[in-house]
Amino acid sequence: MTTLTLLLFLLPLAFSPGPGNLFFAAHGARFGWRKSLPALAGYHAATITAALAVGGGLLVVAGPDTARLLLWAGTGYMIWLALRLWRASSLPRQTDADHASIWDGVALLALNPKAWAIMAALFTQFPSADWQTMTWVAAVFTINNAVAFLLWTVLGQSLLARIQNPAHLRQINRAFAVLLAAVAIWVDVC
């Protein structure tokens, strides 16, 4: 296995719209990329931990019932996030409001059904018997996701910088909310 092969597998998965990407795009639009860094750090610390656990056989040991429960919990969480985004004010970037924390990032990964599905597929396509290779795959996965999510965060901030009309901002929040809910439901159904 080469790193290039691994990246070619991961690029469309990490950069395509999903719960994490849409959350960070909306957060970047609302708070800016700097205030999104704690949640990004939490998400990706949880990502490397979860990827190592999945690579070590966590989903195999947990069984299909636990995986299905995680999927339902994740779908519910994504819909809850979408509802919060739908109801979000249309005010420009918030500097004094509460932004997502490290723990919000951890929770987002823990309840992100797309992330778990990708990790399961990742270690099915790139199985490894040794910890060194598994750690390398988990690290490449995490770094690739971090780049994708930071890009979505910056794009969200850039979008807000160009649109200051409160009515348009509310429409953007609602569009992100609909996309997030749709992705959550799609991941649950597929």
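Overview of the structure. (Residues numbered from 1 in each chain as written. Predicted model: local features only at pLDDT ≥ 70, side-chain atom pairs only at ≥ 80, totals over all residues. Heavy atoms only, no water.)

By size, the foremost hydrophobic cluster in this structure holds 43 residues, and its most contacted members are Phe24, Leu108, Met119, Leu122 and Phe123. Mapped by element, the contributors of at least two residues to this core are helix H1 (3-15), helix H2 (19-31), helix H3 (33-55), helix H4 (58-87), helix H5 (102-110), helix H6 (113-125), helix H7 (131-162) and helix H8 (166-189). For this core, the element with the most residues is H7, which contributes eight residues. (Core = buried A, V, L, I, M, F, W, Y, C linked by side-chain atoms within 4.5 Å. Buried < 20%, exposed > 50% of the residue type's maximum accessible area, 1.4 Å probe, protein only. Helix = DSSP H or I, 4+ residues; strand = E, 2+ residues; numbered from the N terminus.)

A few words on the packing of H1 against H6. Any two packed helices are characterised by how steeply their axes cross, that is the angle between the axes, and by the distance between the axes. Relative to each other, H1 and H6 sit at 165 degrees, their axes nearing to 12 Å. With respect to each other, H1 and H6 are oriented roughly antiparallel. Like other packed secondary-structure pairs, H1 and H6 cross with a definite hand, here right-handed. Residues Leu6, Phe9, Leu10 and Leu13 of H1 form the contact with H6, whose own contacting residues are Lys114, Ile118, Ala121, Leu122 and Gln125. Of the residues assigned to the contact of H1 with H6, the class counts are seven nonpolar, one polar and one charged. (Axes fitted to C-alpha atoms, helices over the stretch in contact; angles between N-to-C directions. Parallel < 35°, antiparallel > 145°, perpendicular 65-115°, else oblique. Left-handed = near helix turned anticlockwise from the far one by under 90°. Contact = heavy atoms within 4.5 Å. Nonpolar A, V, L, I, M, F, W, Y, C, P; charged D, E, K, R; others polar.)

Our focus in this paragraph is the packing of H3 against H6. Where H3 meets H6, the axes come as close as 10 Å, and the angle between the chain directions of the two elements is 40 degrees. Judged on the interaxial angle alone, H6 and H3 are oblique. Read as a crossing pair, H3 and H6 show a hand that is right-handed. Of H6, the residues touching H3 (which contributes Tyr43, Thr47, Ala50, Ala51, Val54 and Gly55) are Ala115, Trp116, Met119, Ala120 and Phe123. Grouping the amino acids of the contact of H3 with H6 by side-chain chemistry returns nine nonpolar, two polar and no charged.

Turning our attention to a nonpolar patch on the surface. Taken together, the side chains of Leu4, Leu8 and Leu11 define a hydrophobic patch exposed on the protein surface, amounting to about 300 Å² of accessible area. Residue placement: leucine 4 occurs in helix H1. (Patch = residues over 30% accessible without salt bridge, like charges linked within 9 Å, V, L, I, M, F, W, Y side chains within 5 Å. Areas by Shrake-Rupley, 256 points an atom, 1.4 Å probe, with all protein chains shown as cover. Salt bridge = Lys/Arg side-chain N within 4 Å of Asp/Glu carboxyl O.)

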